[in-house]
Amino acid sequence: MAATIRDVARVAGVTPSTVSYALSGKRAISEETRKRIQRAIVELDFTPNAGARALALSQTNVLGMFLQFQEDEFAPAMLQYVLPVSTTARTHGFDLLMVTDPDVDAAIRRTTSSAMVDGVVLLDVTYDDPRLDPLRQTRQPAALIGYAKNADGFDAVDLDFGEAARSAVDHLAALGHRAILLVTPPRHVFERGGSYAWRFRDAAAERAARHGIQLHILEGESRQPALSEAMHAALDTYTDATALIVHNDATIAALPSLLHARGLTVPDDLSVVGMFSAEFGTAFSLPYTAVDTRPEALGEWAVSRLIERIADPERAEKPQVRLIEPGFVDRGSTRALS
């Protein structure tokens, strides 16, 4: 059964009329009492009249999600992170305002100074992200999905891309592969400061060297026909490679048709390990063994931490940076070499 005002009053240790006054704003309520009522509302998942709650508790129950869709990137890759943020927000009774304005400073000022949102989720975080400084000037808390060099004061979460790379290389090394072609994100991702790109690449190179594996590295593309042209050229050049590791969403989505055009069969002719989420694999019918990027875990952690901080900033834990352990799904696209 849904919680009532009487339930909130009981948990908060006040009378039902006090809860009603706090929600309506008809009478002044002490800060201590208001906070007890607010905690009880969150604990019981009580849903009062939205306008009254926003007035009394200074909340809109809206989260701002800041992201930028780059024309030269693979849009479905970004969208797989949007859904978990939205779903987790709704689970906690929050709506989502998506902000894509390229004028970052103005967008942050507009949405936070006018109290349009209670908190901010920042997607597509870069290593030296220019959005962090203006976010530090706002009263609303923010959570980052991605790794920045200076995330002080923010909760931040990202996949452990180093461990993801090591697990892919270790898997192929155990099967006897001694030459691997790694397809990385496009060059512009590195140039824009997408740290996930070089964290994966560098960890893969280190692990390959430890195993005595020859690692060929191709900076992949994000658009056709350049994508296919680059892949065909790499496969023609690195004929010793018996396996592919693909850390490039656009390339892995196109790989089935590309390999079919070359007459290559997986895993008989070439072993393949991808880097994508289960949902992404289903959407593109990808039959490849993959390191699971787990966007649902990242979105859930970031939003949950943000809402805890909104509900009771004084009792919330100190901001932290967390790296989520990747999954690994064996779909039979790799084979042992004799």
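Residue indices follow the written sequence of each chain, beginning from 1 at its first position. Note on the predicted model: pLDDT of at least 70 is required for a residue's local features to be given, and 80 or more for side-chain atom pairs to be given and counted; whole-chain, interface and lining totals, by contrast, use all residues. Side-chain numbers come from the whole structure's heavy atoms, not from hydrogens or water.

Draft legend 1. Here's a closer look at helix H10 (residues 195-211). Per the convention used, a helix needs a DSSP run of H or I reaching at least four residues, while a strand needs a run of E reaching at least two, with both numbered from the N terminus. Each helix should span, by expectation, one fewer than its residue count multiplied by 1.5 Å. Counted at 1.5 Å a residue, the expected span for H10 with its 17 residues is 24 Å, and the 24 Å between its end C-alpha atoms agrees. Only protein chains enter the accessibility calculation, which uses a 1.4 Å probe; a residue is then buried when its area is under 20% of its type maximum, exposed when over 50%, and partly exposed in between. Looking at H10, one finds that the buried residues are Ser195, Ala197, Arg199, Phe200, Ala203, Ala204, Arg207 and Ala208. In the stretch just after H10, glycine 212 is the one whose phi turns positive, near 75°.

Draft legend 2. View of the pattern of salt bridges. Whenever Lys or Arg places a side-chain nitrogen within 4 Å of a carboxyl oxygen from Asp or Glu, that contact is recorded as a salt bridge. Evaluation of the coordinates by the stated rule reveals 18 salt bridges. Note that aspartate 128 is salt-bridged to lysine 149, the shortest N-O span being 4.0 Å. Of this pair, aspartate 128 sits in the loop between strand S3 (119-122) and helix H7 (132-136) while lysine 149 sits in the loop between strand S4 (142-145) and strand S5 (155-159), and the two are 21 residues apart along the sequence. Note that aspartate 170 and arginine 207 form a salt bridge whose closest N and O atoms lie 2.9 Å from each other. Remark: arginine 207 occurs in helix H10 and aspartate 170 occurs in helix H8 (residues 161-174); sequence separation between them is 37 residues. The class for aspartate 170 is partly exposed, based on a relative accessible area of 24%. We classify arginine 207 as buried; its relative accessible area is 18%.

Draft legend 3. A look at the sheet that holds strand S6 (residues 179-184). For two strands to count as paired, DSSP must find a minimum of two bridges between them. Taken in spatial order, the 6 strands line up as S7-S6-S8-S9-S10-S12 in an open sheet, and their pairing is mixed. Each edge of the open sheet is held by one strand with a lone partner, namely strand S7 (214-219) and strand S12 (327-329). Across the sheet, the mean angle from the axis of one strand to that of its neighbour is 20°, orientation sign disregarded. Bridging between strand S10 (residues 289-292) and S12 involves 3 bridges; their strand directions are antiparallel. The angle between two axes is taken between their N-to-C directions and runs from 0 to 180 degrees, where each axis is a line fitted to C-alpha atoms and a helix contributes only its stretch in contact.

Draft legend 4. Quick peek at the environment of proline 287. Examined against the element boundaries, proline 287 turns out to sit in the loop between helix H13 (278-283) and S10. Each C-alpha atom of the pair proline 287 and aspartate 330 lies 9.6 Å from the other, and the pair is 43 residues apart in sequence.

Draft legend 5. Structural context of the sheet that holds strand S2 (residues 95-99). Overall, parallel pairing links the 6 strands, which are arranged S2-S1-S3-S4-S5-S11 in an open sheet. Where the open sheet ends on each side, the last strands, each with one partner, are S2 and strand S11 (321-324). Shown here is a sheet whose adjacent strand axes are inclined to one another by a mean of 20°, direction ignored. Note: S5 against S11, 4 bridges, orientation parallel.

Draft legend 6. Representation of helix H6 (residues 104-113) in the model. Among all positions in H6, only Val104, Ala106, Ala107, Ile108, Thr111 and Thr112 are buried. Throughout, a residue-residue contact means that at least one pair of heavy atoms, one from each residue, lies within 4.5 Å. Those residues of H6 hidden inside the fold are in contact with strand S1 (62-66), S2, S3 and H7. Once H6 finishes, alanine 115 follows within two positions and takes phi at roughly 60°, a positive value.

Draft legend 7. The arrangement of the nonpolar core in detail. Side-chain atoms within 4.5 Å are what join buried Ala, Val, Leu, Ile, Met, Phe, Trp, Tyr and Cys residues into a set we call a nonpolar core. With 24 residues, the main nonpolar core has Leu244, Ile252 and Leu255 as its most contacted residues. Every element with two or more residues in this core is listed here: S6, helix H11 (226-237), strand S8 (243-246) and helix H12 (249-262). Among all residues touching isoleucine 252, those that are not within four sequence positions of it are Val246, Val272, Gly274, Phe276, Phe280, Leu286 and Tyr288. By size, the runner-up hydrophobic cluster in this structure holds 23 residues, among which are Tyr81, Val85, Leu298 and Ala302.

Draft legend 8. Examining a nonpolar patch on the surface more closely. For patch building, the residue pool is restricted to those with more than 30% relative accessible area and no salt bridge; the joining distance is 9 Å between like charges and 5 Å between nonpolar side chains (Val, Leu, Ile, Met, Phe, Trp, Tyr). All accessible areas in this document rest on Shrake-Rupley with a 1.4 Å probe, and a residue is counted as covered only by the protein chains that are shown. A grouping of Tyr127, Tyr147, Val321 and Leu323 is seen on the molecular surface, where their side chains present a nonpolar patch of about 330 Å² in accessible area. Summarising the element assignment, tyrosine 127 is placed in the loop between S3 and H7.

Draft legend 9. Structural context of the environment of valine 104. In this fold, valine 104 is placed in helix H6. Between the C-alpha atom of valine 104 and that of alanine 205, which follows or precedes it by 101 residues, the distance is 35 Å. Excluding residues that lie within four positions of it along the chain, valine 104 makes contacts with Gln68 and Arg131.

Draft legend 10. Geometry of the pairing of S1. The buried fraction of S1 is high, at 5 of 5 residues. In this sheet, S2 lies alongside S1 in parallel orientation, the contact comprising 5 bridges. Bridging across to S2, valine 62 finds its partner in aspartate 95. Of the strand pairs in this sheet, S1 and S3 are connected by 4 bridges, and their pairing is parallel. From the neighbouring strand, leucine 63 faces S3, where its bridge partner is glycine 119.

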